[in-house]
Amino acid sequence: MLYFSRWKAAATILTALVICLCAVPNFIPSDIVAGWPKWAQRHLVLGLDLQGGSHILLEVDSNAVRKEKLETTRDDVRRVLRDARIGYTGLNIRGNSVEVRVREDANAGQALTKLRELSVPLGGILGGSGQRSLEVSSDSNLIRLTVTDAAMLERIRQSVEQSIQIIERRVNELGTVEPLIQRQGSDRILVQVPGLQDPSRLKELLGKTAKLDFRMVDSNNQVEQALQGRVPPEDDLLYSATAPKTPYLIEKRVLVSGGDLTDAQPGFDQRTSEPIVSFRFNTSGARKFAQATQENVGRPFAIVLDNEVISAPVIREPILGGSGQISGSFTVQSANDLAILLRAGALPAPLTIIEERTVGPGLGADSIAKGKVSSYVGAGLVVLFMLVTYGLFGLFANIAVAINVAMIFGVLSMLNATLTLPGIAGIVLTVGIAVDSNVLIYERIREELRAGRTVISAIDAGFARALATILDSNITTFIAAAVLFYIGTGPVRGFAVTFGIGIITTVFTAFTVTRLIVATWVRWRRPQRLTI
């Protein structure tokens, strides 16, 4: 165990040195690090509890998801029956079902067959369960399509996943540093933005669905009749986004949706100097928008955002370039926010803020100070204990533990990990475990010396026989850390990450770095007696 070939010794030193150097950017001023290559700029990010910031817990509106799913099913039923030229009546949503009555009994069987094709096997994590999206039943000529609970859960899961991606784009557009955005439970999303002390703008951005539609204004029906409750079935009664709230009768048919946008940028109108938002469609959107404007010259169309009319200009001439601009009494910030929302895309369902917390930088600084003090005191006591108990070998152990801690910071920096208070606790606990490994080795060497072995033989046997015990101990501890990481969230995961990395570096330093130091010392001094 004490023999190290040159290549093996060089590989051990090089590995430890490279990983330790990865921690260097954390101790260099950021303006200097900014001039380094990108791969050398990776560093630790202080968590919310260490530098302050905003903590927001969002919940996906499951009722909106359910409503959207049922409306989509209703539209599918209408499309299928029209394509099959089957007459129907009473197409409605009742509870979790869509009901439709076939006019002629002779067509009931054909309609049932066609509508059963809408029920498809579920994908995603429920793909292997054999469950389907709809339960289709009939009673005479009344056909009922019920959305299954499994399909609804799958739709909510998909909504959460889509929302996380969109939230990441919106938060990143704010220029915040290393936000933490992750799923929590079945229908919640945790957003933590370190360093952000005023979350009002962030909440405003997250609270908007940002569903943008271009739709025609219905000029053939009277708004006054709609205000009296007689809204035409093919229209929606919507109001302007700005005060005074002006009612509009807007066709339900969507000409172009916000999903066809490829870019949106804030700017200023060259004639009025008012803030505007310029947008550009993709090829498909540009074609649809050009066709719509060609067919409706002289008619007003509405730009609708989250069921509010931003503006309703009249089409003066066909717009064929695939781009345009939105004006609507914007301020500079509201135009910038709208551009951010349009670039990030629309949320699949509204989000509700159910928990909000802001941690001040003073509390974070206090946490860092107390963390430093506890770390210094703990490390000092460990160093003193090892020196008093094992003398020179205690010094070797302390050097190995210092390298171990530096390697932990290096690995965390390579991962761009977020360091929290529980993470610091994990590092401190790792120091104890690293020392424990050395204690096991040294006690084993003592036993071999008492058994009458020579110094070199006792050291060699000490490392060899302690290996199995240390491996068993660290593997079981690593399993516990892995379980914590798998089932835990937030700070618990931070603890599990630092603890797990610390266990790996502990095994490495105990059986390579410490052994290399001891082997080098033995080769240099060739001791005949050993006091340990």
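On a predicted model such as this, the values are computed, not experimentally measured, just so you know.

Here the focus is the nonpolar core. In terms of nonpolar packing, the biggest core is built from 44 residues, with Val77, Leu115, Ile143, Ile167, Ile189 and Val191 touching the most fellow members. Among the elements that take part in this core, helix H6 (residues 149-173) stands out by supplying 9 residues, more than any other. Excluding anything up to four places from it in sequence, Leu115 contacts Val77, Val80, Leu81, Val100, Val136, Ile143 and Leu145. Judged by nonpolar contacts, the second largest core, of 26 residues, contains Met386, Val401, Ile470 and Leu530.

Quick look at the packing of aromatic side chains now. Enumeration according to the criterion identifies 14 aromatic pairs in this entry. Of the aromatic side chains, those joined through ring pairs into one cluster are Phe214, Phe279, Phe281, Phe289 and Phe301. Over the ring of Trp524 we find Arg525; its NZ or CZ atom is 5.5 Å from the centre of that ring.

Next up on the list: the domain arrangement of the chain. Segmenting the chain into domains produces domain 1 (6-50 + 362-525), domain 2 (63-146) and domain 3 (213-341). Between the C-alpha centres of domain 1 and domain 2 there is a distance of 61 Å.

One open sheet holds the 4 strands; their spatial order is E7-E8-E2-E17, and the pairing between them is antiparallel. Across the chains shown, the open sheet's two edge strands, defined by having one partner strand only, are strand E7 (180-184) and strand E17 (351-359). When the angles between neighbouring strand axes are averaged without regard to direction, this sheet yields 15°. Across 7 bridges, strand E2 (residues 53-60) lies against strand E8 (residues 188-194) in antiparallel orientation. Across the sheet, the residue bridging to Ser54 is Val193, located in E8. Across the sheet, H6 lies against E2, E7, E8 and E17, angled at about 170° from E7, the strand it touches most.

Turning our attention to the pairing of E8. Counting buried positions over the 7 residues of E8 gives 6, a clear majority of the element. Of the pairings in the sheet, the one linking E7 to E8 comprises 5 bridges and is antiparallel in character. Each bridged residue has a counterpart across the sheet, and for Leu180 the counterpart in E8 is Gln192. Where E7 folds back on E8, the antiparallel hairpin that results is connected by 3 residues, among which Gly185 adopts a positive phi of roughly 75°.

As a further point, take helix H9 (residues 283-295). The terminal C-alpha atoms of H9, which comprises 13 residues, lie 19 Å apart, in line with the 18 Å expected from a rise of 1.5 Å per residue. Here H9 has its buried residues at Gly285, Ala286, Phe289, Ala290, Ala292 and Thr293. The buried residues of H9 occupy one face: seen down the axis, they fall within an arc of 165°. In H9, the exposed positions angled more than 90 degrees off the buried face are occupied by Thr283, Arg287 and Glu295. In this fold, the buried residues of H9 make contact with strand E9 (212-217), strand E11 (247-257), strand E13 (275-281) and strand E14 (301-305).

Below, the discussion takes up the packing of helix H1 (residues 6-21) against helix H15 (residues 491-525). It is at 10 Å that the axes of H1 and H15 come closest, and there the two elements cross at 120°. In this view, H1 runs oblique relative to H15, as classed from their interaxial angle. The way H1 lies across H15 gives a crossing that is left-handed. Seen from H1, the contacting residues are Lys8, Ala9, Thr12, Ile13, Thr15 and Ala16; seen from H15, they are Phe508, Thr512, Val513, Arg515 and Leu516.

With that settled, the discussion passes to helix H10 (residues 332-344). Helix length check: H10, at 13 residues, gives a terminal C-alpha distance of 19 Å against a target of 18 Å (1.5 Å per residue), a fit within 8%. Turning to H10, its buried residues are Ala335, Asp337, Leu338, Ala339, Ile340, Leu341, Leu342 and Ala344. A positive phi of about 100° marks Gly345, the residue just after H10.

Our next topic: the environment of Lys8. On the secondary structure map, Lys8 appears in helix H1. Lys8 gets classed as partly exposed once you look at its relative accessible area, which sits at 41%. Distance from Lys8 to Arg523, taken between C-alpha atoms, is 16 Å for residues 515 residues apart in sequence.

Across the sheet, 4 strands lie side by side as E3-E4-E6-E5; this open sheet has antiparallel pairing. What marks the edges here is a single partner per strand, and that holds for strand E3 (88-94) and strand E5 (134-139). Strand-to-strand, the axes of this sheet are offset by a mean angle of 15°, without reference to chain direction. The sheet contact formed by E5 and strand E6 (residues 142-147) spans 6 bridges and is antiparallel. The partner of Asp139 across the bridge, within E6, is Leu142. Where helix H5 (residues 108-116) meets the sheet, it contacts strand E4 (97-102), E5 and E6, and its direction lies at approximately 15° from that of E6.

This next bit is on the pairing of strand E15 (residues 308-311). Looking at chain direction, strand E10 (residues 235-240) and E15 are connected through 2 bridges and run parallel. Considered in E15, the bridge of Ser240 is made with Val309. Here E14 runs beside E15; their pairing, made up of 3 bridges, is antiparallel. Bridging from a neighbouring strand, Val304 pairs with Val309 of E15. Taking the residues between adjacent antiparallel strands as the criterion, E14 and E15 are bridged by 2 residues, where Asp306 takes a positive phi near 50°.

A surface patch of nonpolar side chains, about 630 Å² in accessible area, is lined by Leu471, Ile475, Ile479, Val483, Tyr486 and Ile487. As for its position among the elements, Leu471 is in helix H14 (residues 455-487). On the basis of relative accessible area, Leu471 is assigned to the partly exposed category, the value being 32%.

Scoring rules and cut-offs
Residues numbered from 1 in each chain as written. Predicted model: local features only at pLDDT ≥ 70, side-chain atom pairs only at ≥ 80, totals over all residues. Heavy atoms only, no water. Core = buried A, V, L, I, M, F, W, Y, C linked by side-chain atoms within 4.5 Å. Buried < 20%, exposed > 50% of the residue type's maximum accessible area, 1.4 Å probe, protein only. Helix = DSSP H or I, 4+ residues; strand = E, 2+ residues; numbered from the N terminus. Contact = heavy atoms within 4.5 Å. Phe/Tyr/Trp six-rings, centres within 6.5 Å; stacked < 30°, edge-to-face > 60°. Lys NZ or Arg CZ within 6 Å of the ring centre and 35° of its normal. Domains from an automatic or database assignment. Pairing = 2+ DSSP bridges. Axes fitted to C-alpha atoms, helices over the stretch in contact; angles between N-to-C directions. Expected span 1.5 Å × (residues − 1). Arc of directions from axis to C-beta. Parallel < 35°, antiparallel > 145°, perpendicular 65-115°, else oblique. Left-handed = near helix turned anticlockwise from the far one by under 90°. Patch = residues over 30% accessible without salt bridge, like charges linked within 9 Å, V, L, I, M, F, W, Y side chains within 5 Å. Areas by Shrake-Rupley, 256 points an atom, 1.4 Å probe, with all protein chains shown as cover. Salt bridge = Lys/Arg side-chain N within 4 Å of Asp/Glu carboxyl O.

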